[in-house]
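Letter by letter, the chains look like this.
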Amino acid sequence: MKPFVITSLLATTMFGAQAQTFTDNARVRSAEPQYENVSVPRNECSSHWVSERGSRISAERQNSQDRQYGGAIVGGLAGGILGHQVGGGSGKDAATALGVVLGAMAGDQLQNRDARVPYGNAQYDNGGYETVQREVKRCRTVYDTQTRITGYRVTYDYRGQQYTTFMQTNPGNSLPVRVSVDPITQ
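Residues numbered from 1 in each chain as written. Predicted model: local features only at pLDDT ≥ 70, side-chain atom pairs only at ≥ 80, totals over all residues. Heavy atoms only, no water.

Draft legend 1. Molecular detail of the environment of Thr 141. When you line up the elements, Thr 141 lands in strand 2 (residues 129–158). A relative accessible area of 45% means that Thr 141 is categorised as partly exposed. In sequence terms Thr 141 and Glu 44 are 97 residues apart; their C-alpha atoms lie 6.2 Å from each other. Excluding residues within four positions of it along the chain, Thr 141 makes contact with Pro 41, Arg 42 and Asn 43. (Helix = DSSP H or I, 4+ residues; strand = E, 2+ residues; numbered from the N terminus. Buried < 20%, exposed > 50% of the residue type's maximum accessible area, 1.4 Å probe, protein only. Contact = heavy atoms within 4.5 Å.)

Draft legend 2. Structural context of the packing of aromatic side chains. This structure, assessed with the given rule, holds one aromatic pair. With a centroid separation of 5.6 Å and 25 degrees between ring planes, the pair formed by Tyr 156 and Tyr 163 is classed as stacked. (Phe/Tyr/Trp six-rings, centres within 6.5 Å; stacked < 30°, edge-to-face > 60°.)

Draft legend 3. Summary view of the state of the cysteines. The full count for this structure, using the stated rule, is one disulfide. With its sulfur 2.0 Å from that of its partner, Cys 45 forms a disulfide with Cys 139. Note on the Cys 45 and Cys 139 pair: the S-S dihedral is about 110 degrees, so by sign convention the disulfide is right-handed. Linking Cys 45 in strand 1 (residues 20–56) with Cys 139 in strand 2, this pair joins segments that are 94 residues apart in sequence. (Disulfide = S-S within 2.5 Å.)

Draft legend 4. Fine view of the packing of helix 3 (residues 70–84) against helix 4 (residues 90–111). Contact geometry of helix 3 with helix 4 gives a least axis separation of 6 Å together with a crossing angle of 150 degrees. Considering the angle they form, helix 3 stands roughly antiparallel to helix 4. The crossing of helix 3 and helix 4 is right-handed. Side by side, helix 3 and helix 4 meet where Gly 70, Gly 71, Ala 72, Gly 75, Gly 76, Gly 79, Gly 80, Gly 83 and His 84 of the first sit next to Lys 92, Ala 95, Thr 96, Gly 99, Val 100, Gly 103, Ala 104, Gly 107, Asp 108 and Gln 111 of the second. Residue classes in the contact of helix 3 with helix 4 are distributed as four nonpolar, 13 polar and two charged. (Axes fitted to C-alpha atoms, helices over the stretch in contact; angles between N-to-C directions. Parallel < 35°, antiparallel > 145°, perpendicular 65-115°, else oblique. Left-handed = near helix turned anticlockwise from the far one by under 90°. Nonpolar A, V, L, I, M, F, W, Y, C, P; charged D, E, K, R; others polar.)

Draft legend 5. Representation of helix 4 within the structure. With 22 residues, helix 4 extends 32 Å between its outermost C-alpha atoms, agreeing within 8% with the 32 Å of an ideal straight helix rising 1.5 Å per residue. Inspection of helix 4 places Ala 95, Gly 99, Gly 103, Gly 107 and Asp 108 among the buried residues, and these make up the whole buried set. Contacts from the buried residues of helix 4 go to helix 3. (Expected span 1.5 Å × (residues − 1).)

Draft legend 6. Quick look at the nonpolar core. Within the largest apolar cluster, nine residues are counted, these being Ala 26, Val 28, Tyr 152, Val 154, Tyr 156, Tyr 158, Leu 175, Val 177 and Val 179. Secondary structure elements with two or more residues in this core: strand 1, strand 2 and strand 4 (174–181). Not counting chain neighbours up to four residues away, the residues in contact with Val 28 comprise Val 154, Thr 155, Tyr 156, Pro 171, Gly 172, Asn 173, Ser 174 and Leu 175. (Core = buried A, V, L, I, M, F, W, Y, C linked by side-chain atoms within 4.5 Å.)

Draft legend 7. Unusual backbone geometry, seen in detail. Although it is not a glycine, Arg 159 sits at a positive phi angle of roughly 50 degrees. Tracing the chain through its elements places Arg 159 in the loop between strand 2 and strand 3 (161–167). Exposure remark for Arg 159: the relative accessible area of 69% places this residue in the exposed category.

Okay, here's the thing in C-alpha coordinates:
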(Lines give C-alpha, C1' and ligand atoms only; values in the text may rest on other atoms or scores of the structure.)
Protein backbone atom coordinates (compact mmCIF):
# COMPACT_ATOMS: atom_id res chain seq x y z
CA MET A 1 0.00 0.00 0.00
CA LYS A 2 2.91 2.36 0.71
CA PRO A 3 4.20 2.18 -2.86
CA PHE A 4 0.75 3.18 -4.15
CA VAL A 5 0.61 6.27 -1.88
CA ILE A 6 4.10 7.32 -2.85
CA THR A 7 3.30 6.91 -6.56
CA SER A 8 0.12 8.99 -6.14
CA LEU A 9 2.00 11.77 -4.44
CA LEU A 10 4.65 11.82 -7.14
CA ALA A 11 2.03 11.92 -9.89
CA THR A 12 0.24 14.80 -8.17
CA THR A 13 3.46 16.71 -7.74
CA MET A 14 4.37 16.16 -11.38
CA PHE A 15 0.93 17.30 -12.51
CA GLY A 16 1.11 20.38 -10.23
CA ALA A 17 4.55 21.22 -11.52
CA GLN A 18 3.21 21.41 -15.03
CA ALA A 19 0.48 23.98 -14.12
CA GLN A 20 1.61 27.60 -14.35
CA THR A 21 -0.03 30.42 -12.42
CA PHE A 22 0.36 34.16 -12.99
CA THR A 23 -1.58 37.37 -12.32
CA ASP A 24 -3.08 39.70 -14.90
CA ASN A 25 -5.60 42.57 -14.95
CA ALA A 26 -9.23 42.26 -16.07
CA ARG A 27 -11.46 45.15 -17.15
CA VAL A 28 -14.37 45.86 -14.75
CA ARG A 29 -17.71 46.32 -16.53
CA SER A 30 -19.85 47.08 -13.46
CA ALA A 31 -19.73 47.04 -9.66
CA GLU A 32 -23.25 47.01 -8.19
CA PRO A 33 -23.50 47.60 -4.43
CA GLN A 34 -25.40 44.88 -2.55
CA TYR A 35 -27.49 46.02 0.44
CA GLU A 36 -29.01 44.36 3.49
CA ASN A 37 -31.33 45.69 6.18
CA VAL A 38 -29.90 45.45 9.70
CA SER A 39 -31.77 46.02 12.99
CA VAL A 40 -29.63 48.20 15.23
CA PRO A 41 -30.64 48.38 18.92
CA ARG A 42 -30.54 51.63 20.87
CA ASN A 43 -31.79 52.73 24.29
CA GLU A 44 -34.59 55.28 24.46
CA CYS A 45 -35.01 56.81 27.91
CA SER A 46 -37.53 59.21 29.40
CA SER A 47 -37.87 60.81 32.84
CA HIS A 48 -41.06 61.23 34.84
CA TRP A 49 -41.68 62.93 38.17
CA VAL A 50 -43.84 60.98 40.62
CA SER A 51 -45.25 61.97 44.00
CA GLU A 52 -45.04 59.45 46.77
CA ARG A 53 -45.58 59.31 50.47
CA GLY A 54 -42.28 60.06 52.18
CA SER A 55 -41.16 60.00 55.80
CA ARG A 56 -43.32 60.96 58.75
CA ILE A 57 -43.21 64.69 59.52
CA SER A 58 -42.08 65.41 63.06
CA ALA A 59 -44.55 67.19 65.37
CA GLU A 60 -42.15 70.12 65.61
CA ARG A 61 -42.07 70.48 61.83
CA GLN A 62 -45.84 69.98 61.49
CA ASN A 63 -46.53 72.83 63.81
CA SER A 64 -43.78 75.06 62.51
CA GLN A 65 -46.22 77.87 61.71
CA ASP A 66 -46.82 80.21 64.66
CA ARG A 67 -49.83 79.09 66.66
CA GLN A 68 -52.52 81.54 67.68
CA TYR A 69 -53.72 81.36 71.32
CA GLY A 70 -56.59 83.88 71.22
CA GLY A 71 -59.11 81.17 70.31
CA ALA A 72 -58.07 79.03 73.27
CA ILE A 73 -58.44 81.97 75.68
CA VAL A 74 -61.84 83.04 74.37
CA GLY A 75 -63.03 79.41 74.21
CA GLY A 76 -61.82 78.79 77.81
CA LEU A 77 -63.68 81.86 79.10
CA ALA A 78 -66.89 80.95 77.27
CA GLY A 79 -66.63 77.33 78.43
CA GLY A 80 -66.01 78.42 82.02
CA ILE A 81 -69.06 80.69 82.01
CA LEU A 82 -71.27 77.96 80.54
CA GLY A 83 -69.88 75.32 82.94
CA HIS A 84 -70.52 77.61 85.93
CA GLN A 85 -74.20 77.75 84.95
CA VAL A 86 -74.52 73.97 85.34
CA GLY A 87 -74.61 72.09 88.67
CA GLY A 88 -74.49 73.25 92.26
CA GLY A 89 -72.03 73.15 95.19
CA SER A 90 -68.74 71.37 94.53
CA GLY A 91 -70.19 70.04 91.23
CA LYS A 92 -70.36 73.64 90.03
CA ASP A 93 -66.59 73.98 90.42
CA ALA A 94 -66.01 70.71 88.50
CA ALA A 95 -68.42 71.81 85.73
CA THR A 96 -66.64 75.19 85.49
CA ALA A 97 -63.20 73.51 85.23
CA LEU A 98 -64.48 71.05 82.62
CA GLY A 99 -66.08 73.93 80.66
CA VAL A 100 -62.78 75.87 80.68
CA VAL A 101 -60.83 72.87 79.37
CA LEU A 102 -63.36 71.91 76.67
CA GLY A 103 -63.88 75.53 75.62
CA ALA A 104 -60.12 76.13 75.34
CA MET A 105 -59.71 73.02 73.18
CA ALA A 106 -62.62 74.00 70.90
CA GLY A 107 -61.38 77.59 70.59
CA ASP A 108 -57.85 76.43 69.80
CA GLN A 109 -59.14 74.06 67.10
CA LEU A 110 -61.18 76.82 65.48
CA GLN A 111 -58.32 79.32 65.62
CA ASN A 112 -55.56 76.99 64.33
CA ARG A 113 -57.41 74.65 61.98
CA ASP A 114 -55.38 75.88 58.98
CA ALA A 115 -52.05 75.96 60.83
CA ARG A 116 -50.55 72.95 59.01
CA VAL A 117 -48.62 73.93 55.91
CA PRO A 118 -48.76 71.34 53.14
CA TYR A 119 -45.29 69.93 52.36
CA GLY A 120 -43.88 68.68 49.06
CA ASN A 121 -46.65 70.05 46.80
CA ALA A 122 -49.40 68.16 48.70
CA GLN A 123 -52.77 69.84 48.65
CA TYR A 124 -54.13 68.02 51.68
CA ASP A 125 -53.12 66.62 55.04
CA ASN A 126 -51.96 63.06 54.47
CA GLY A 127 -51.75 61.79 58.02
CA GLY A 128 -48.50 63.38 59.06
CA TYR A 129 -46.47 62.14 56.10
CA GLU A 130 -44.82 64.52 53.71
CA THR A 131 -45.25 64.09 49.97
CA VAL A 132 -41.95 63.68 48.16
CA GLN A 133 -41.35 64.12 44.45
CA ARG A 134 -38.71 61.95 42.81
CA GLU A 135 -37.54 61.42 39.28
CA VAL A 136 -38.16 58.02 37.71
CA LYS A 137 -36.15 57.16 34.62
CA ARG A 138 -37.57 54.53 32.27
CA CYS A 139 -35.55 53.03 29.43
CA ARG A 140 -36.50 50.61 26.68
CA THR A 141 -34.67 49.08 23.75
CA VAL A 142 -35.79 50.31 20.34
CA TYR A 143 -34.65 48.71 17.09
CA ASP A 144 -33.90 50.99 14.14
CA THR A 145 -33.62 49.49 10.67
CA GLN A 146 -30.56 50.63 8.76
CA THR A 147 -29.55 49.77 5.22
CA ARG A 148 -25.89 48.80 4.86
CA ILE A 149 -23.70 47.85 1.92
CA THR A 150 -22.54 44.26 2.32
CA GLY A 151 -20.33 44.24 -0.77
CA TYR A 152 -20.33 44.58 -4.57
CA ARG A 153 -21.40 42.28 -7.38
CA VAL A 154 -18.58 42.83 -9.88
CA THR A 155 -18.87 41.94 -13.56
CA TYR A 156 -15.54 41.90 -15.42
CA ASP A 157 -14.08 40.87 -18.80
CA TYR A 158 -10.93 38.83 -19.23
CA ARG A 159 -9.75 37.90 -22.74
CA GLY A 160 -13.23 38.15 -24.26
CA GLN A 161 -15.01 36.18 -21.52
CA GLN A 162 -17.37 37.77 -18.99
CA TYR A 163 -17.24 36.75 -15.31
CA THR A 164 -19.14 37.77 -12.17
CA THR A 165 -17.93 37.66 -8.56
CA PHE A 166 -18.78 39.14 -5.17
CA MET A 167 -16.25 41.44 -3.46
CA GLN A 168 -16.18 43.33 -0.15
CA THR A 169 -14.86 46.55 -1.75
CA ASN A 170 -15.35 48.32 -5.08
CA PRO A 171 -12.35 47.33 -7.25
CA GLY A 172 -12.42 50.40 -9.51
CA ASN A 173 -11.77 50.15 -13.30
CA SER A 174 -9.54 47.07 -13.23
CA LEU A 175 -9.35 43.91 -11.21
CA PRO A 176 -6.26 41.74 -10.63
CA VAL A 177 -7.00 38.09 -11.52
CA ARG A 178 -5.01 34.91 -10.98
CA VAL A 179 -4.66 32.88 -14.16
CA SER A 180 -3.76 29.22 -14.08
CA VAL A 181 -2.67 27.40 -17.21
CA ASP A 182 -2.84 23.63 -17.26
CA PRO A 183 -1.86 21.52 -20.25
CA ILE A 184 -4.38 19.06 -21.59
CA THR A 185 -2.91 15.56 -21.55
CA GLN A 186 -4.27 12.83 -23.69
